[in-house]
Amino acid sequence: MSTYYITTPIYYVNDAPHIGHAYTTVNADAFARWHRLLGDDTFMLTGTDEHGLKIQRSAEEQGVTPLEQADTNSARFQSTFQLLDIANNDFIRTTEPRHHHAVQALMQRAYDNGWIYSDTYEGLYCVGCEAYYTEDELDDGNCKIHGRPAEQMVEENYFFKLSAFADQLLAHYEANPEQIRPEGYRNEVLGLLRQEVRDISISRSSIDWGVPVPWDEDHVFYVWYDALINYATAVGFAADDDMFNRYWPSAHHVIGKDIIRFHCVFWPAMLLAAGITDLPRFYVHGWLLIGGEKMSKSKLNSVSPRQLVEGDEEAGYSAFGVDGYRYHFLRDPAFGPDSDFSYEQMLIRYNSDLANQYGNLVQRVITVTAKKCGELAPAPSPDSPLAVQAETAYRETAEAWDRAQPPIALDATWRLIRETNEYLAANEPWKMDAGPEVDRVMGDALEAIRIVTILASPAIPNATQETWERIGMDGQVTDQRLPDAATWGGYPGGVALVPGDPLFPRLKG
Ligand code: MSP
């Protein structure tokens, strides 16, 4: 059996969850759910990043301790992810003792291996990014991401010999193109590694909100070097070797393009420095923008997932439900480039793909079958024209998930839904008399529904489980195993159908 370990970045707790954060987590969850269908031993991780200067300052501004702030906001991330039916196996908080233990153990190994030294550092620091920049990486002294001036800092710091790993990492990414998807981001990383790679400062002595450096307790690790290690902590690094050896070699990190350098350059080098030679893979996505701008607290332009799931009259948003929410964010923004959030597009997508195509198909097939085929549903025919289309849909869906392209995967799945609707329109079973011909058409349609319901389940887990039950299938749709479950002919027939209300009532603008 293969294993599949998938993570999201851990979210800073100075901010409330918005649709940008949720975008990363929903995608990671969909990848995890796809791999569970494939039968992979899957482990999905998300969590919160709770140390560092940014968090400390924001807590001070609000008159609370950093831990109080972290408790409040970490809980908000957890409840948002519950709302979105994220099936994570673990939720990590960097203030947990297990994490401190793993950070200290990993960094101690790097230190013992001779990759860490002490020096004075002077540079321009953006607190928003928690990163040092050179003059030419800034815009007139301002951070390009946050638009605020970088601050001059002077510190006695520990340094990590990142420069010593640049060639090895370059060779690694050159030899293994699939390590970073999509391709454009791999090129960006190759570009970073071909430039001069400088050593990096990894500790701070001026703050204490962090994980203490084990060999010098006057320092705490700089937040990024504590944060990245969360991925190792959660699968038992320095605590449970069996678990670590089981999951670590299959690590996949879903990240936004803003944190590519930390993840694709610094993190693998840290792993190598600690003697861990299995390096993670990356799925990198762009930003979700609002009116062309990145969401932020200061611009007050963020939209929360809850507003769209439950509806928000004041903002003029309908209630899309969890599945409607997930489907839009998986189906519409291309995975890789930036894209503007469009409420209008979300509404169009919901009404066309979910209400008209999937929802109507299920509704219509159950109604017509009940009317024309008696108490028990008919079985599919082996030589249905839909069988070939189902095979293509499965193949293309699987390939796209494998290439980390959810919109393309869902498009391939939905093609089978449209083809099944066309098959019904062409055969007009509602005009037929009861008998073998209508049984054949409806058996085929039910089989196509069974297959698309499995394939769509990573995106719309609730409606697919509901459909699974309505078409008389036992158990959980999530317990089906691909590729066998997508093979034509799996619908048994002879089962009772369960009529119900429309799965996706149409929404008005
Ligand atoms: N704490 C760091 C990550 C440490 S991982 C070891 C961090 N946190 S963050 O909360 O600022 O952002 C986390 C991730 O949220 C980003 O990488 C990105 O994946 C996602 N997004 C935050 N805003 C986003 C958008 N507007 N659009 C898409 N994704 C966004 O960076």
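The coordinates are above.
The paragraphs below set out a description of the structure included in this document. (Residues numbered from 1 in each chain as written. Predicted model: local features only at pLDDT ≥ 70, side-chain atom pairs only at ≥ 80, totals over all residues. Heavy atoms only, no water.)

Description of the pattern of salt bridges
Note on pairing: side chains with opposite charge can pair once their charged atoms come close. Within this structure, the stated rule accounts for 23 salt bridges. A salt bridge links R93 to E50, with the nearest nitrogen and oxygen atoms 2.7 Å apart. Highlighted residues: R93 in strand β3 (residues 90-93) and E50 in the loop between β2 (41-49) and α2 (53-62), separated in sequence by 43 residues. Classification of R93 by relative accessible area gives buried; the value is 18%. In this structure, D411 engages R415 in a salt bridge whose closest nitrogen and oxygen atoms are separated by 4.0 Å. Of this pair, D411 and R415 both sit in helix α15 (residues 406-427), four residues apart, which is roughly one turn of the helix. (Salt bridge = Lys/Arg side-chain N within 4 Å of Asp/Glu carboxyl O. Helix = DSSP H or I, 4+ residues; strand = E, 2+ residues; numbered from the N terminus. Buried < 20%, exposed > 50% of the residue type's maximum accessible area, 1.4 Å probe, protein only.)

Details of the nonpolar core
Counting residues in each nonpolar core, the largest one holds 96 residues, and the members touching the most others are L308, Y325, Y358 and I460. Once you skip the residues sitting within four places of it in the chain, L308 turns out to touch I19, V303, Y317, S318, A319, F320, G321, Y325, F329, F341, Y343 and M346. Core analysis: the next-biggest nonpolar cluster, separate from the first, contains 83 residues, I10, L106, A110 and C129 among them. (Core = buried A, V, L, I, M, F, W, Y, C linked by side-chain atoms within 4.5 Å. Contact = heavy atoms within 4.5 Å.)

Some thoughts on the packing of aromatic side chains
Aromatic rings considered in pairs are described by the distance between their centres and by the relative angle of their planes. As enumerated under the stated definition, the model contains 35 aromatic pairs in all. One aromatic cluster is present, built from ring pairs that chain together Y5, F43, Y231, F237, F244, Y247, W248 and W267. (Phe/Tyr/Trp six-rings, centres within 6.5 Å; stacked < 30°, edge-to-face > 60°.)

Here's the deal with helix α16 (residues 436-456)
An ideal rise of 1.5 Å per residue puts 30 Å on 21 residues; α16 measures up with 30 Å between its terminal C-alpha atoms. With 17 of 21 residues buried, α16 lies mostly within the body of the structure. (Expected span 1.5 Å × (residues − 1).)

Things to note about the site of the ligand
Surrounding the ligand, one finds 24 residues, the nearest of these being I10, T24, D49, I259 and L288. The backbone of G20 places a nitrogen or oxygen atom 3.2 Å from a nitrogen atom of the ligand. G256 is positioned with one of its backbone polar atoms (N or O) 3.1 Å from an oxygen atom of the ligand. Notes on the ligand: free accessible area 650 Å², of which the protein chains cover 94%. For the shell around the ligand, the secondary-structure elements that each account for two or more residues are β1 (3-12), α1 (19-37), α7 (223-227), α8 (230-233) and β12 (251-256). (Near = heavy atom within 4 Å. Polar contact = N/O pair within 3.5 Å; in protein donor to acceptor, adjacent residues only side chain to side chain. Areas by Shrake-Rupley, 256 points an atom, 1.4 Å probe, with all protein chains shown as cover.)

Brief notes about the pairing of strand β11 (residues 216-221)
Of the strand pairs in this sheet, strand β9 (residues 203-204) and β11 are connected by two bridges, and their pairing is antiparallel. Opposite R204, over in β11, you have V220 as the bridge partner. Across two bridges, the pairing between strand β10 (residues 212-213) and β11 is antiparallel. Bridge pairing in β11 links P212 to V220. What sits between β10 and β11 in their antiparallel hairpin is a turn of two residues. (Pairing = 2+ DSSP bridges.)

Quick word on the pairing of β3
Residues D90 and I92 of β3 are buried on one face, and the alternating residues F91 and R93, pointing to the opposite face, are buried as well. Judged from the four bridges that link them, β2 and β3 form a sheet pairing that is parallel. Across the sheet, the residue bridging to T48 is R93, located in β3.

Structural notes on the sheet that holds strand β13 (residues 281-285)
With parallel pairing, six strands are arranged side by side in an open sheet as β3-β2-β1-β12-β13-β7. Strands at the two margins of the open sheet, each flanked by one partner only, are β3 and β7 (180-181).

A look at the side chain of T464
With respect to the helices, strands and loops of the structure, T464 is situated in helix α17 (residues 461-470). Owing to a relative accessible area of 0%, T464 belongs among the buried residues under this scheme. Among residues more than four places away in sequence, those in contact with T464 are Y358, T453, A456, S457 and V477.

As for unusual backbone geometry
Backbone torsion omega between R181 and P182 reads -10°, so that peptide bond is classified as cis. Looking at the secondary structure, you find P182 in the loop between β7 and α6 (183-194). In this structure, P483 follows L482 across a cis peptide bond, with omega equal to 5°. Mapped onto the elements of the fold, P483 is located in the segment after α17. At E130, a position not held by glycine, the phi torsion is positive, near 55°. For E130, the position within the fold is in the loop between β4 (116-126) and β5 (131-133). Notably, A404 is not glycine yet its phi reads approximately 60°, a positive angle. Structurally, A404 can be placed in the loop between α14 (385-402) and α15. Judged by its relative accessible area of 1%, A404 is buried.

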